[in-house]
Amino acid sequence: MSTRTSALDAVVFGVDIQSGDVRGDAPSYALVVYDGEDVTRDVVSHRKLRRLIDDEEPAIVATDNMYELAADKDQLIHFLGSLPAGTKLVQVTGAEQPEPLSRVAKRHGIPYGKDPMQEAEAAARLAAHNVGHEVSAFTDTTEVKVARGRSTGSGGWSEDRYTRRIHGSVRKRAREVESELDDANLEYEREVREAYGGFANAVFTVEARPQDIPVSRNRSGDVRVEIERERRDGIEFQPLVKRRDHVVVGIDPGTTTAVAIVSLEGEVLDVWSSRTSDTADVIEWIVERGRPIIVAADVTPMPETVEKFRRSFDAAGWTPTSDLPIDEKQHRTREEPYDDDHQRDAMAAALYAVDAHEDQFERIADKLPPGLDRGEVTARVVADEESVEAVLRDLDDDEDTEEESTEHEPRELTEEEKRIKSLERQVDRLQSHVGTLEGRIEDRDERIDELESKLTLARREERTQVRKDREVSRLERKANRLERERDEAREEVESLEGKVERMKALWKLDHSNFSDVSAKKEGLVPVKLIEKFTKGAIREADEQYGIAADDVVYVRDASGAGRSTAELLAGFEPRVVLKEGGLSEIADEILFENEIPVGPADDVAMQEVDELAVAREDDVEAVIDDWHDRAAERERDRKASMVDQLISEHRAGDNEV
């Protein structure tokens, strides 16, 4: 059984195609639900599988082939996007070039059978033991967008107020989202598009996954909040645990110990040096980065310290025929960065070891069938001195034995004996190193206790400093936000103060106890504005600022008024009606009969302040005087018309006699 401990305390779904094809109609799936102890089995449709994933939100959906769940890449990305926030899709057979499920299950001691339900269970158990790669199409960056929840289209006469309200609501919600992100100590960037009265939208690019963000997707009235994870360029595979590949290790011992890790292809993976680390520290550093096949030194014979490392890893050794000259080491490592000469020497030893085994590595690779782990075979050939053919036969025999029985029956005696011989060789090599290691255990334990005490103190100090730094960052962001709000408030106050002053001036003009002084001093008169010559517009103006007798009324659009509208306005007994546009005959007649002067607004110089306006008294009087002149002429014309009519009627009567 794998020595890895289970990474899950939650539910794992194992899935395999039972019948049909995801590219066809109505495929069915073998589904195994595994929680670490209990196993539940069922056969479900694709739709029911999706519903179960949404309802139960398993930690992992495991499969041996991700394209059993989606027909192509686009459908796979859509499937990944629809998974619950805490659910991963895991392909247990590897990344771009997966292995057979049978081989992976055997390697980790997981029961396996060819039946779809058995394969689904094997996938679930493998994923529960951290075997496989997470399939990912999204990064850990999330975009939170606060935008308008409805259109700012035509709002009639109140369209400006309607638009201001929507944009103001977006700005308010954006500030709430920003505050929530600050309180959660999340890193983000904000991009705002300002609009009339507030924000058209605000986009927060947050360095976190959706489930870690204290903001949810919603739509309410004027505002909507959308949350979307950032897409990757393609599909990526991330191992559930870091894989330890077979590598070549170069070591330069001494006061400063340096170690270099090189792949079997000759790529320098990592290099490190330390003056204070002991043997245990060096071994731990190497183990975290790979499984050594060869341990190399740059001098001959191999130093005792390097030999101890070689025995610890049961690896093959390599030394040059003579000590490597400095100029050759410099030339071999010229394309690789290093911090000191010790790192250079360790790197050169590893690279020359790869060079010396390059032909052997290529011969091994040429003999391997597709899909077989090159590192495992190379390790057995180089370190255990087995032939490639023997290793391949051993692996083939293991595969054949597994395929013959799905119940994991015991191996045949000959195979068991092979395994025993291999283990005995390992035991002999390990026992030679046990004495050395036991002698160092007590010193190492004392050193560990000392370092753990220092580490505990350092972690405590680090946590305290991190909390301080986070609090300082949060307070700085909050201070910046408050400063922005303060500046915006000051600008709004200045605008409102100017408006108040103008409104005060108009108020004085419109009240009896100030009008005499103001009129005499400034020669101005207040004007009440009506947008259209309709009953609704007249009543709206009256509700907002009142229309009283002797007021000067300005009708911005005088067309279309009828009898009842003209009678409504005449009922307020205005001093004069200033108009733009043509006035209907019936409205003109009603106002004339009520002796209400009417004149063109273009003849009066006015200055508008929001819904009110002021005009020069002289201009208003001139309009009134002009109307009186026209009214007198109109009256004379009317009387003349009446006389002419009476004469015509009298003559008509005489003719009849």
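Definitions and limits used
Residues numbered from 1 in each chain as written. Predicted model: local features only at pLDDT ≥ 70, side-chain atom pairs only at ≥ 80, totals over all residues. Heavy atoms only, no water. Helix = DSSP H or I, 4+ residues; strand = E, 2+ residues; numbered from the N terminus. Expected span 1.5 Å × (residues − 1). Buried < 20%, exposed > 50% of the residue type's maximum accessible area, 1.4 Å probe, protein only. Contact = heavy atoms within 4.5 Å. Polar contact = N/O pair within 3.5 Å; in protein donor to acceptor, adjacent residues only side chain to side chain. Core = buried A, V, L, I, M, F, W, Y, C linked by side-chain atoms within 4.5 Å. Salt bridge = Lys/Arg side-chain N within 4 Å of Asp/Glu carboxyl O. Patch = residues over 30% accessible without salt bridge, like charges linked within 9 Å, V, L, I, M, F, W, Y side chains within 5 Å. Areas by Shrake-Rupley, 256 points an atom, 1.4 Å probe, with all protein chains shown as cover. Lys, Arg positive; Asp, Glu negative; His and termini not counted. Charge placed at Lys NZ, Arg CZ, Asp CG, Glu CD. Pairing = 2+ DSSP bridges. Axes fitted to C-alpha atoms, helices over the stretch in contact; angles between N-to-C directions. Parallel < 35°, antiparallel > 145°, perpendicular 65-115°, else oblique. Left-handed = near helix turned anticlockwise from the far one by under 90°. Phe/Tyr/Trp six-rings, centres within 6.5 Å; stacked < 30°, edge-to-face > 60°.

> I would appreciate a short explanation of helix α4 (residues 116–128) in the present structure.
Because the α-helix completes a turn every 3.6 residues, residues three or four places apart line up on one side. Taking 1.5 Å of rise per residue, the 13 residues of α4 would be expected to cover 18 Å, and the 18 Å separating its terminal C-alpha atoms lies within 8% of that figure. With 11 of 13 residues buried, α4 lies mostly within the body of the structure. Considering only its buried residues, α4 is in contact with β1 (12–19), β2 (28–34), β3 (39–45), β4 (60–63), β5 (88–91) and α3 (101–107). Measuring from the side-chain oxygen of the N-cap residue of α4 to the backbone nitrogen of Met 117 gives 3.0 Å; that N-cap residue is Asp 115. Asn 130 occupies a position one or two residues after α4 and carries a positive phi of about 65°.

> Whenever I open this one, the nonpolar core confuses me. Can you help?
One recurring pattern in soluble globular proteins: nonpolar side chains tend to sit buried together. Counting 28 residues, the largest nonpolar core has Leu 80 and Leu 89 as its most contacted members. Mapped onto this core, the elements with two or more residues apiece are β1, β2, α1 (46–56), α2 (73–82), β6 (133–148) and β10 (223–239). Of all the elements, α2 adds the most residues to this core, at four residues. When neighbours within four sequence positions are excluded, Leu 89 is seen to be in contact with Val 61, Thr 63, Met 66, Leu 69, Leu 76, Phe 79, Leu 80, Leu 83, His 133, Glu 134 and Val 135. In this structure, Leu 264, Ile 293, Ala 316 and Ala 350 belong to the second largest nonpolar core, which totals 25 residues.

> Help me understand the pattern of salt bridges in this model?
Should the charged atoms of two oppositely charged side chains come close, the side chains can pair. One pass over the structure, following the stated rule, counts 32 salt bridges. The partner of Glu 121 in a salt bridge is Arg 41, and the shortest N-O contact between them spans 2.9 Å. Residue Glu 121 is located in helix α4, and its partner Arg 41 is located in strand β3; the two are separated by 80 residues in the primary sequence. On the basis of relative accessible area, Glu 121 is assigned to the buried category, the value being 17%. It is possible to trace a salt-bridge network through shared partners that takes in Asp 298, Lys 329, Asp 341, Arg 344 and Asp 345.

> Can you walk me through a positive patch on the surface in this structure?
A surface patch of positive charge is lined by Arg 459, Arg 460, Arg 463 and Arg 467. By secondary structure assignment, the location of Arg 463 is in helix α13 (residues 413–509).

> For this particular structure, what's the right way to read the side chain of Glu 68?
Tracing the chain through its elements places Glu 68 in the loop between β4 and α2. A residue is classified by how much of its surface remains accessible, and Glu 68, at 18% relative accessible area, is buried. Here Glu 68 is in contact with Val 15, Asp 16, Ile 17, Val 22, Tyr 29 and Thr 63, once residues within four sequence places are set aside.

> It is not clear to me how the pairing of strand β11 (residues 246–252) should be interpreted in this structure. Could you clarify?
Every regular strand shows the same layout, with side chains that alternate between the two sheet faces. Along β11, seven of the seven residues are buried, which leaves the element largely enclosed by surrounding structure. By the alternation rule, side chains of β11 split into His 246, Val 248, Gly 250 and Asp 252 and Val 247, Val 249 and Ile 251, which are all buried. For β11 and strand β14 (residues 291–296), the ladder comprises five bridges, and the chain directions are parallel. Across the sheet, the residue bridging to Val 248 is Ile 294, located in β14. Where β11 lies against strand β12 (residues 257–263), six bridges are found, and the strand directions are antiparallel. Paired with Val 249 across the two strands is Ile 261, which belongs to β12.

> Which parts of the structure should I look at to understand the packing of helix α16 (residues 563–570) against helix α17 (residues 585–593)?
Think of two packed helices as two axes; the pair is described by the angle between the axes and how far apart they sit. Following both chains from N to C, one finds α16 and α17 inclined at 30°, their axes separated by 8 Å at the closest point. Judged on the interaxial angle alone, α17 and α16 are roughly parallel. Seen along the crossing, α16 lies across α17 with a hand that is right-handed. Note on element contacts: α17 touches α16 through Ile 586, Ala 587, Ile 590 and Leu 591, opposite Arg 563, Ala 566, Glu 567 and Ala 570.

> How should I be thinking about a negative patch on the surface in this particular structure?
On the surface, Glu 143, Glu 187, Glu 189, Glu 191, Glu 207, Glu 228 and Glu 230 cluster together to form a negatively charged patch. Elements represented by at least two residues in the negative patch include exactly β7 (188–195) and β10. The topology assignment puts Glu 191 in strand β7.

> Whenever I open this one, the environment of Leu 269 confuses me. Can you help?
Residue position: Leu 269 is located in strand β13 (residues 268–274). Looking at Leu 269, the relative accessible area reads 43%, which means it is partly exposed. Separated by 22 residues in the primary sequence, Leu 269 and Val 247 place their C-alpha atoms 9.1 Å from one another. Once residues lying within four places of it in the same chain are set aside, the contact partners of Leu 269 are Val 247, Ile 261, Val 262 and Ser 263.

> Even after reading the chapter, I still don't get the packing of aromatic side chains, so can you show me in this structure?
Remark: the centre distance and the inter-plane angle together describe each pair of aromatic rings, the angle taken between the planes. Scanning the model with the defined rule gives three aromatic pairs in all. Seen in terms of ring centroids, Tyr 188 and Phe 204 are 5.9 Å apart; in terms of plane orientation they differ by 65°. Their pairing is edge-to-face. You can see Tyr 188 sitting in strand β7 and its partner Phe 204 sitting in strand β8 (residues 198–206), a full 16 residues away along the chain. Judged by relative accessible area, Tyr 188 falls into the buried class, the value being 17%. Phe 204 gets classed as buried once you look at its relative accessible area, which sits at 0%. With a centroid separation of 5.2 Å and an interplanar angle of 20°, the aromatic rings of Trp 272 and Trp 285 are classed as stacked. Pair noted here: Trp 272 is in strand β13 and Trp 285 is in helix α6 (residues 279–287), with a separation of 13 residues, a long-range link. The class for Trp 285 is buried, based on a relative accessible area of 9%.

> Just to check I follow, could you spell out unusual backbone geometry for this structure?
With glycine set apart, most residues show a phi of negative sign, and most peptide bonds adopt trans. The step from Thr 300 to Pro 301 runs through a cis peptide bond, and the omega angle for that step is 0°. By the element assignment, Pro 301 lies in the loop between β14 and α7 (304–313). Phi at Asp 314 takes a positive value of approximately 55°, unusual for a residue other than glycine. Positionally, Asp 314 belongs in the loop between α7 and β15 (316–318). Although it is not a glycine, Asp 550 sits at a positive phi angle of roughly 70°. Tracing the sequence through the fold places Asp 550 in the loop between α15 (535–545) and β17 (552–557). Given the relative accessible area of 58%, Asp 550 is considered exposed.

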